[in-house]
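# Breakdown of the fold
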Amino acid sequence: MQTTLTSPLTAHSAAKPHLPSAHLSIDGVTKRFGSFTALDSIALQIQEGEFVCFLGPSGCGKTTLLRTIAGLTQQTSGSLIQRGKNISTLPPQARDFGIVFQSYALFPNLTVFDNVAYGLRNRRSDRATIHARVAELLALVDLSGSEHKYPAALSGGQQQRVALARALATEPGLLLLDEPLSALDARVRGHLRHQIKALQARLGVTTIMVTHDQEEALTMADRIVVMNHGVIEQVGTPAEIYHQPASAFVASFIGTMNFLEVTAQANNHALLGTISCPCLPHAYAKDQAAQLAIRPEAVALSVSISELSGDVMGIEFLGAFQRVSLRLNGTEQRLLADVPSRDSATLGLRLGQTLGIHLPADAARLYPAGSNQS
Ligand SMILES: Nc1ncnc2c1ncn2[C@@H]1O[C@H](COP(=O)(O)OP(=O)(O)OP(=O)(O)O)[C@@H](O)[C@H]1O
């Protein structure tokens, strides 16, 4: 089949269905390497046009899951359905995806034009179509005019943009990105992050990106799949993952979180030392040991001493806010609180000062004791 220029490359798919439909269904996928289980019964649906990030610490299985989707790794059990077609045992070349790897993986002996044209030539597209298509793709990634350069003459960011154009050349239904930004320096990474996101939104191509960088996932993804030890800990929008972490692991992995040792009390309270603090509804039995998790930005400090108070042990200037480290009076536990810079003068922040502490109930969530280790 020839590639034509009346493709969805130039506009966000107008035919996007009103009801979400699964582009990819992953059902009970397990991958074992010998006796080691890298993926344990993964079940996940990815909707048409979604940008999904697989996020997790090193070794959690995110790359293995991506490679399984591509057919580069064969799952031990479970199935994969793409647009209604069972692709579970198909070789990579028979699957419908384009892929960008962390290391640019361009053909060094081919020009930018020939790198991008590679897949189109394999499909026996005609010359005029290939030229028009490559020109369109290079314009999309802001590399028009670089057709005759070789990869070695390009910066890392430019090489990744060529890799992106190459991955999109054959209009794959699914774009797979395996840590595409992690080899780049911070400035280029930030720029390319926006470029990829804008391109994906414009094309509407279903995209899965593997990353261990939470900021990347939070800023780019429609939904984040947080993984740990071969299982999915949580699937949700960036706001859900940040504000309603489903486990202590997710709470500790995303952003900064305080964990305080408490014992659960009835009526949605927890005992911090001898002080009863209201918290979000929980299912813990009375007197059961638990951890109360609260983000530093949710903690409120005041000069008027309340029942819960602490001494300022450290102040870190972070521009828009100051991160204050407190030692809680009574329990000696440490608590971080972020104070917006404009409020720090009101508090007269200084080391050794005793401040009143308020932990808003709607930001205080209980997790099992000792459960936030990855
Ligand atoms: N071919 C293999 N043979 C044996 N073990 C493997 C193989 N590939 C991956 N693993 C193991 O499976 C686990 C998951 O690996 P995977 O590469 O998916 O992790 P990851 O989450 O992508 O981590 P990273 O960010 O470090 O790449 C790791 O413990 C890894 O050592």
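Residues numbered from 1 in each chain as written. Predicted model: local features only at pLDDT ≥ 70, side-chain atom pairs only at ≥ 80, totals over all residues.

### Side note on the overall build of the protein chain
Applied cut-off: Strands are runs of DSSP state E lasting at least 2 residues, helices are runs of H or I lasting at least 4, and numbering of each runs from the N terminus. Residues are called buried when their C-beta atom has 20 or more other C-beta atoms within 10 Å, exposed when it has 12 or fewer, and partly exposed otherwise; all C-beta atoms are positioned from the backbone. Each residue gets a C-beta atom placed from its backbone, and two residues are in contact if those atoms lie within 7 Å.
Per the secondary structure count, the protein chain includes nine helices and 20 strands. Seen through its C-alpha atoms, the protein chain measures out along the principal axes to roughly 75 × 45 × 40 Å. Counting every position in the protein chain, which comprises 374 residues, the buried fraction comes to 36%. Expressed as a percentage of contacts within the protein chain between residues at least 6 apart in sequence, the contacts between residues at least 24 apart total 67%.

### So, the nonpolar core
Under the convention used in this document: In this usage, the nonpolar core is the set of buried Ala, Val, Leu, Ile, Met, Phe, Trp, Tyr and Cys residues whose C-beta atoms join them within 7 Å. Segmentation into domains, and thus their bounds, comes from an automatic or database assignment.
Membership of the largest hydrophobic core comes to 95 residues, with the highest contact counts inside it found for Cys 53, Ala 165 and Leu 292. Top contributing element to this core by residue count: helix H4 (residues 156-168), with six residues. Two domains each donate at least three residues to this core, and these are domain 1 (8-248) and domain 2 (257-368). If near-sequence neighbours (up to four positions away) are discounted, Cys 53 is found in contact with Met 209, Thr 211, Ala 217, Met 220, Ala 221, Ile 224 and Val 225.

### Details of the confidence of the model for the protein chain
Note the threshold: Along the chain, pLDDT gives the predictor's confidence residue by residue, from 0 to 100.
Summary statistics for the protein chain give a mean pLDDT of 90 and a share of 94% for residues scoring 70 or more. Note on residues 1-18: pLDDT is under 50 here. Beyond four places in sequence and across chains, it has 27 contacts. For this predicted complex, the interface confidence comes out at an ipTM of 0.96, alongside a pTM of 0.88.

### A few points about the sheet that holds strand E11 (residues 258-265)
What counts, and what does not: Strand pairing follows a simple DSSP-based rule, namely that at least 2 bridges must link the two strands. Axis geometry follows a simple rule: fit a line to the C-alpha atoms, using only the stretch in contact for helices, then measure angles between N-to-C directions, giving values from 0 to 180 degrees.
Judged by pairing direction, the sheet is antiparallel, and its five strands sit side by side in the order E13-E12-E11-E14-E20 without closing on themselves. With one partner strand each, in any of the chains shown, strand E13 (275-278) and strand E20 (365-368) form the two edges of the open sheet. Direction aside, the axes of adjacent strands within the sheet are offset by 50° on average. Bridge analysis of strand E12 (residues 269-272) against E13 gives four bridges, and the strand direction is antiparallel. Its bridge partner being in E13, Leu 271 is matched across the sheet by Ser 276.

### Side note on the site of the ligand
Here is the rule: Whether a residue is near a molecule or strand depends on its C-beta atom, placed from the backbone, lying within 6 Å of it. Three categories are distinguished: nonpolar for Ala, Val, Leu, Ile, Met, Phe, Trp, Tyr, Cys and Pro, charged for Asp, Glu, Lys and Arg, and polar for the others, with Gly belonging to the last.
The environment of the ligand is made up of Phe 33, Phe 36, Ala 38, Gly 56, Ser 58, Gly 59, Cys 60, Gly 61, Lys 62, Thr 63, Thr 64 and His 212. Among the elements of the structure, strand E2 (36-47) and helix H1 (62-70) are those that each provide at least two residues to the shell around the ligand. No other element matches the three residues that H1 contributes to the shell around the ligand. The residue makeup of the shell around the ligand, split by class, is four nonpolar, seven polar and one charged.

### What about the packing of helix H2 (residues 112-122) against helix H3 (residues 127-140)?
Which entries qualify depends on this criterion: Should an angle fall under 35 degrees it is taken as roughly parallel, and over 145 as roughly antiparallel, whereas 65 to 115 is taken as roughly perpendicular and any remaining angle as oblique. It is the rotation of the near helix from the far one that decides the hand of a crossing: anticlockwise by less than a right angle makes it left-handed, clockwise makes it right-handed.
The interhelical angle for the contact between H2 and H3, taken along N-to-C directions, is 125°, at an axis separation of 10 Å. When the axes of H2 and H3 are compared, the pair comes out oblique. Considering the relative orientation of H2 and H3, their crossing is right-handed. Only Ile 130, Arg 133, Val 134, Leu 137 and Leu 138 of H3 make contact with H2, whose side of the interface consists of Phe 113, Val 116, Ala 117, Leu 120 and Arg 121. Looking at the contact of H2 with H3 residue by residue, the class counts come to eight nonpolar, no polar and two charged.

### Structural notes on the packing of H2 against H4
Contact geometry of H2 with H4 gives a least axis separation of 7 Å together with a crossing angle of 30°. Taken together, H2 and H4 sit at an angle that is classed as roughly parallel. Crossing of H2 against H4: the hand is right-handed. For the pair H2 and H4, the contacting residues are Val 112, Asn 115, Val 116, Tyr 118 and Gly 119 in the first and Val 162, Ala 165 and Arg 166 in the second.

### Re the sheet that holds strand E15 (residues 300-302)
Read across the sheet, five strands follow the order E15-E19-E16-E17-E18 without closing on themselves; strand pairing throughout is antiparallel. Looking at which strands have only one partner, the edges of the open sheet turn out to be E15 and strand E18 (334-340). Within this sheet the neighbouring strands show an average axis-to-axis angle of 45°, counted without direction.

### Some points on unusual backbone geometry
Positive phi values are uncommon outside glycine, yet Asn 267 reaches one of about 55°. Structurally, the position occupied by Asn 267 is in the loop between E11 and E12. The exposure class of Asn 267 is exposed, given the 8 C-beta atoms found within 10 Å. Positive phi is not limited to glycine here, since Glu 332 has a value of about 70°. By the element assignment, Glu 332 lies in the loop between strand E17 (321-328) and E18.

### Topic: H3
Applied cut-off: Expected helix span is taken as 1.5 Å per residue step, with the number of steps being one fewer than the number of residues. Along the arc lie the directions from the helix axis toward the C-beta atoms.
With 14 residues, H3 ought to run about 20 Å at 1.5 Å a step, and its terminal C-alpha atoms sit 20 Å apart, in line with that. Turning to H3, its buried residues are Ile 130, Arg 133, Val 134, Leu 137, Leu 138 and Leu 140. Projected down its long axis, H3 shows its buried positions confined to an angular sector of 150°, all on one face. For H3, the exposed residues set more than 90 degrees away from the buried face come down to Ala 128 and Ala 139. Considering only its buried residues, H3 is in contact with H2, H4 and helix H5 (186-203). Trailing H3 by a residue or two, Asp 142 shows a phi angle of about 60°, which is positive.

### Observations concerning the environment of Ala 165
Here Ala 165 lies in helix H4. With 25 C-beta atoms counted inside 10 Å, the residue Ala 165 sits in the buried group. Dropping the residues within four chain positions of it, Ala 165 is found in contact with Val 116, Leu 137, Leu 138, Leu 140 and Val 141.

### Brief notes about the pairing of strand E16 (residues 309-317)
Of the strand pairs in this sheet, E16 and strand E19 (residues 354-358) are connected by three bridges, and their pairing is antiparallel. Paired with Ser 309 across the strands is Gly 356, a residue of E19.

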